[in-house]
Amino acid sequence: MKKIFDDISKKTHLVPFSRFYKIDKFDSGLKEYNNFLMYEANIYEKRCISKTHLLLDNYTADIIGYLSLSAASIRITSEEKTFHELESVPFFSIPVLKIGKLAVDKSY
């Protein structure tokens, strides 16, 4: 497994979203996901709604895929707090990261 990870990490790298990458060449095969990357990801970044990261091919600089993360929370009940031994925690929600979009270019 480590060898596979090492091979992938030598061929790719993850970068923050930028319009300077080959955004227009990305094609997941799904219009909604292509349009998000082309038109919405930049807006969501500027409004601090989500952060998008691109997985790039080190040799071609093609976008292999992307993911968009946003902050969210999960509400928990008193019973759940008791079950998970969180009674001393003074809140009723747990912070989480939400994957809003996740797509891979169909050529990969």
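Everything quoted here is computed from the prediction, not taken from an experiment.

Trainee: Explain the overall build of the protein to me, using residue names and the numbers behind them.
Mentor: Counting secondary structure elements, the protein contains three helices and four strands. In the protein, the order of α-helices and β-strands from amino to carboxyl end is α-β-α-β-β-α-β. For the protein, whose C-alpha radius of gyration is 18 Å, the value lies well above the compact-globule estimate of 13 Å for 108 residues. Along the first, second and third principal axes, the C-alpha set of the protein runs to 50 × 35 × 20 Å. Sorting the 108 residues of the protein into buried and exposed places 27% on the buried side. Accessible area for the protein stands at about 7900 Å²; split by element, carbon and sulfur atoms hold 61% of it. Considering the protein, the positive charge centre built from 16 side chains and the negative charge centre built from 14 side chains are found 6 Å apart.

Trainee: So what about the sheet that holds strand 4 (residues 93-104)? Which residues, and what values?
Mentor: Read from one edge to the other, the open sheet built from four strands follows the order 1-2-3-4, with strand pairing classed as antiparallel. Looking at the sheet topology across the chains shown, the edges are occupied by strand 1 (12-16) and strand 4. Going across the sheet, the axis of each strand differs from the next one's by a mean of 25°, ignoring polarity. Both strand 2 (residues 51-57) and strand 3 (residues 63-75) contribute to a ladder of six bridges, which runs antiparallel. From the neighbouring strand, leucine 54 faces strand 3, where its bridge partner is tyrosine 66. Sitting on the sheet, helix 2 (residues 31-46) is in contact with strand 2, strand 3 and strand 4, with an inclination near 125° to strand 2.

Trainee: Run through the environment of threonine 82, naming residues and quoting values.
Mentor: Position of threonine 82 relative to the elements: it lies in helix 3 (residues 78-83). You can call threonine 82 partly exposed: its relative accessible area is 45%. Here the alpha-carbon distance between threonine 82 and phenylalanine 92, two residues 10 residues apart in the chain, equals 11 Å.

Cut-offs and rules
- Here, residues in each chain are numbered from 1, in the same order as that chain's written sequence.
- Where totals are concerned, whole chains, interfaces and linings use all residues; where local detail is concerned, this predicted model gives features only for residues with pLDDT of at least 70, and gives and counts side-chain atom pairs only at 80 or more.
- To obtain the side-chain values, all non-hydrogen atoms of the structure were included, while hydrogens and water were left out.
- Strands are runs of DSSP state E lasting at least two residues, helices are runs of H or I lasting at least four, and both sets are numbered from the N terminus onward.
- We take the radius of gyration over the C-alpha atoms and set the globule estimate at 2.2 Å times the residue count to the 0.38 power.
- Exposure is judged per residue with a 1.4 Å probe applied to protein chains only, and the accessible area is read against the type maximum: over 50% gives exposed, under 20% gives buried, and values in between give partly exposed.
- Per-residue and other accessible areas follow the Shrake-Rupley method at a 1.4 Å probe size, with only the shown protein chains counted as cover for residues.
- Counting rule applied: Lys, Arg positive; Asp, Glu negative; His and chain ends not counted.
- Throughout, a charge is located at the NZ atom of Lys, the CZ atom of Arg, the CG atom of Asp or the CD atom of Glu.
- Strand pairing requires that DSSP identify at least two bridges connecting the strands.
- Helix axes are fitted to C-alpha atoms over the stretch in contact, other axes to C-alpha atoms as well, and angles between N-to-C directions run from 0 to 180 degrees.
- Here, two residues are considered to be in contact whenever any of their heavy atoms come within 4.5 Å of each other.

Read these as spatial facts, not as claims about activity.
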